[in-house]
Amino acid sequence: NPGDFRSRVSGPWNSAATWQVYSFVAGWQTATVSPTSANGVITILNTHSVNVPGTAPVTIDQTVVEAGGTLTANGSVTIADGPGSDLTNSGTGAFFGPQLTIAANAVVDGSAIIQSMAASNVNDGTFNTPFAFTGGTQTLSGSGSMRELIVNNTNGITLTSNHTVNQTLNFN
C-alpha cells in the first residue's frame with residue numbers, strides 16, 4: 001500500500017537509507033525519510049537488522065519483524081495504538097533503551113519473545129507474545145495485559161501497578 005515502508009538493508013531506524021517506501025506509481029523506492037507511526041505498515045525483512053539509536057525517541061505502529069529479522073533499540077520506543085496489530089514480532093525484538101512504552105490499546109503479536117532490558121517499562125496495551133525482562137533493575141507500570149511474563153534477571157522486577165498475565169508467569 002502507498003506509504004508502507006520496508007527495510008532495504010540493515011541499519012539505523014532513523015536513516016532513510018535503511019528503508020524503501022511504496023508508491024502506486026513507482027513501486028518500492030529508496031526512502032527519503034525514515035518511517036514514523038503516521039506511515040503505513042513498516043516491515044523489517046528477513047536477514048535485516050534495524051536499530052533504534054539512543055539519540056532520539058521513536059514511536060512505531062503497524063511494525064512487522066519477519067522471521068530472521070531483528071529490531072533492537074538503544075533509545076526509548078513507544079508502540080502506539082493504530083489499526084490492527086501495532087507490533088508483530090516473528091524475529092528478534094530486544095529493547096535496551098531507557099524506556100519501552102506500550103500505549104493504551106496497543107497490541108503486540110507474534111511468535112517470538114520480546115526482550116526488554118529497559119529500566120522503565122510501561123504496558124497499557126495487550127501483549128499476545130511472550131514478554132521477557134532480562135536486564136538489571138527494572139520496573140513495569142501501566143494497566144495492560146500479557147499472555148506470558150518471563151522475569152529472567154537477578155534483580156527481579158518492580159511492579160508499580162496491577163497487570164494481568166493470562167497464561168504463564170515464569171521467574172528464572
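Located above this text is the structure these notes cover.
Cut-offs applied
Residues numbered from 1 in each chain as written. Predicted model: local features only at pLDDT ≥ 70, side-chain atom pairs only at ≥ 80, totals over all residues. Heavy atoms only, no water. Helix = DSSP H or I, 4+ residues; strand = E, 2+ residues; numbered from the N terminus. Rg over C-alpha atoms; globule rule 2.2 N^0.38 Å. Buried < 20%, exposed > 50% of the residue type's maximum accessible area, 1.4 Å probe, protein only. Areas by Shrake-Rupley, 256 points an atom, 1.4 Å probe, with all protein chains shown as cover. Patch = residues over 30% accessible without salt bridge, like charges linked within 9 Å, V, L, I, M, F, W, Y side chains within 5 Å. Salt bridge = Lys/Arg side-chain N within 4 Å of Asp/Glu carboxyl O. Pairing = 2+ DSSP bridges. Axes fitted to C-alpha atoms, helices over the stretch in contact; angles between N-to-C directions. Phe/Tyr/Trp six-rings, centres within 6.5 Å; stacked < 30°, edge-to-face > 60°. Core = buried A, V, L, I, M, F, W, Y, C linked by side-chain atoms within 4.5 Å.

J.: Got a sec to walk through the overall build of the protein? Specific residues and values, please.
T.: Each helix and strand counted, the protein has zero helices and 22 strands in total. Over its C-alpha atoms the protein spans a radius of gyration of 16 Å, differing by no more than 12% from the 16 Å that the globule rule assigns to 172 residues. By principal-axis analysis of the C-alpha atoms, the protein measures approximately 50 × 25 × 25 Å. Taking all 172 residues of the protein together, 45% fall into the buried category. Accessible surface computed for the protein: about 7400 Å², of which carbon and sulfur atoms make up 51%.

J.: Explain a nonpolar patch on the surface to me, and be specific about the residues and the numbers.
T.: Among the surface-exposed residues, V165, L169 and F171 lie close enough to one another that they form a single nonpolar patch of about 290 Å² accessible area. Summarising the element assignment, L169 is placed in strand 22 (residues 164-171). Residue L169 is classed as partly exposed on the basis of its relative accessible area of 48%.

J.: Now, about the sheet that holds strand 21 (residues 157-159): what can you tell me, with residues and values included?
T.: Pairing within the open sheet is parallel, and its six strands lie in the order 7-10-13-16-19-21. Looking along the sheet, the strands with just one partner apiece sit at the ends: strand 7 (58-60) and strand 21. On average, adjacent strands in this sheet sit at an angle of 15° to one another, irrespective of strand direction.

J.: Could you give an account of the packing of aromatic side chains, with specific residues and numbers?
T.: This model, assessed by the stated rule, comprises four aromatic pairs. Seen in terms of ring centroids, F127 and F131 are 4.1 Å apart; in terms of plane orientation they differ by 15°. Their pairing is stacked. Like F127, the residue F131 is buried in the burial classification. The structure contains a cluster of three or more aromatic residues connected by ring pairs, namely F127, F131 and F133.

J.: Run through the nonpolar core, naming residues and quoting values.
T.: Membership of the largest hydrophobic core comes to 30 residues, with the highest contact counts inside it found for W13, L71, I79 and L87. Tallying contributions element by element places strand 20 (residues 145-151) first for this core, with three residues.

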